[in-house]
Amino acid sequence: MASPVAFLSLSLASLPLLAAALGCDRPGRSVGPAPAPPSVAPAPAREGAAQAADGGATPAAAARDAAPAAGDAAAAVAGASPLRADAPFVELPVEGFPTAVVSVPVGATARRPVLIASHGNYDRPEWQCQVWRDIVGDGAFVLCPRGVARTDSPSASDVRFTYESNARLEQEIDAGLAALRARFPEHVDPGAALYTGFSLGAIMGSAIAARRAALFPRLVLVEGGHDKWTPATAKAFADGGGQRVLFVCAQAGCGAAAAAAAARLDKAGVLARVARSKEAGHRYDGPVAEETRRALDWLIDGDPRW
């Protein structure tokens, strides 16, 4: 099998032909990380249906986020052996849920923070993990929850996914974090995680973070999630320990709505910023990923684990 780098280069080189053939998302693989994310938004009816399903919420769970002391969370493991993996991406069995995809910090000899990367509707966790590994490299674990398969996927070899509700995604993330810590006990930092989400993942992540701010005090919301920040949810996030929110937009409509949400968060006492890439459509790769990379230093400023 070709190396991930070689396969990624081939995929990018052939993108124009693939886009013309499919007229929509880039193709992926049913097993293992696909090297390139979709560049075009899913059909509005599909995205809207999944957003409408974003209902229900589990109660705030302070006990689950039982916070280790800041010093403990940041501490390295004395004498930890280098983290070894056959590839930078691994499939992680998650109890009660489909297998997650994880980008691992190969060679790490100390604890690394966890970044949760939730995909959009009609999307794939492999694509999210690839883009975020390109951004953070071996500086963090990137845990990408899979969600549920869509029955209207392009084919059996190109299955696309969605999330049933923010409550169900919250449960999947909790189970995924438990599985990740069990698999890499010497290398996973036990403290707060950085939550990132694209489109539907951003929408659902905003609701989750508003009630789980201790676990997700810093967020990257790409092309979505801004409409969920009412004064009440902004206050709940701030009161729970929320610190910073980065909105990343590639479309003018997103930028305007995100600016309004950022103002509400600022008023509640949460630092918020909007990063705008050039007009690129509803996507998270390419110029949007580059804009995210440039803005990430602001988001993680003051967190010594990064």
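Residues numbered from 1 in each chain as written. Predicted model: local features only at pLDDT ≥ 70, side-chain atom pairs only at ≥ 80, totals over all residues. Heavy atoms only, no water.

Caption draft 1: Structural view of the packing of aromatic side chains. Applying the stated rule across the entire model yields four aromatic pairs. With 5.5 Å between their ring centres and 40° between their planes, F141 and F184 make a pair best called tilted. One end of the pair, F141, is in strand 4 (residues 141–144); the other, F184, is in the loop between helix 6 (166–183) and strand 7 (194–198), and 43 residues separate them in sequence. We note that F141, like F184, is buried. Measuring from centroid to centroid gives 5.6 Å for Y195 and F216, while their planes differ by 75°, and the two rings are edge-to-face. With Y195 in strand 7 and F216 in the loop between helix 7 (200–211) and strand 8 (218–222), the pair connects residues that are 21 residues apart, well separated along the chain. Given the relative accessible area of 2%, F216 is considered buried. (Phe/Tyr/Trp six-rings, centres within 6.5 Å; stacked < 30°, edge-to-face > 60°. Helix = DSSP H or I, 4+ residues; strand = E, 2+ residues; numbered from the N terminus. Buried < 20%, exposed > 50% of the residue type's maximum accessible area, 1.4 Å probe, protein only.)

Caption draft 2: Highlighting the side chain of T162. Take T162: it is sitting in strand 6 (residues 161–162). Owing to a relative accessible area of 11%, T162 belongs among the buried residues under this scheme. Looking at T162, its side chain comes within polar contact range of the side chain of N121, at 2.9 Å. (Polar contact = N/O pair within 3.5 Å; in protein donor to acceptor, adjacent residues only side chain to side chain.)

Caption draft 3: Local environment of helix 6. The terminal C-alpha atoms of helix 6 lie 25 Å apart, and with 18 residues this matches the ideal 26 Å at 1.5 Å per residue to within 8%. Restricting attention to buried positions, one finds in helix 6 the residues N166, A167, L169, E170, E172, I173, D174, A175, G176, L177, A179 and L180. Of the surrounding elements, those touching the buried residues of helix 6 are strand 1 (89–94), strand 2 (97–103), strand 3 (114–118), strand 4, strand 7 and helix 7. (Expected span 1.5 Å × (residues − 1). Contact = heavy atoms within 4.5 Å.)

Caption draft 4: Focus on the state of the cysteines. Tallied over the entire structure, the rule returns two disulfides. Note that C129 is cross-linked by a disulfide to C144, the S-S spacing being 2.1 Å. Because the sign of the S-S torsion sets the handedness, a value of about 115° for the bond joining C129 and C144 places this disulfide among the right-handed ones. Here C144 lies in strand 4 and C129 lies in helix 5 (residues 125–136), a separation of 15 residues in the sequence. Of the two residues, C129 and C144, both sit in the buried class. What pairs with C249 in a disulfide is C254, and their sulfur atoms sit 2.0 Å apart. Residues C249 and C254 share a disulfide whose torsion about the S-S bond is about -60°; that sign makes it left-handed. Each disulfide in the protein links cysteines that, numbered along the sequence, combine into the pattern 1-2, 3-4. (Disulfide = S-S within 2.5 Å.)

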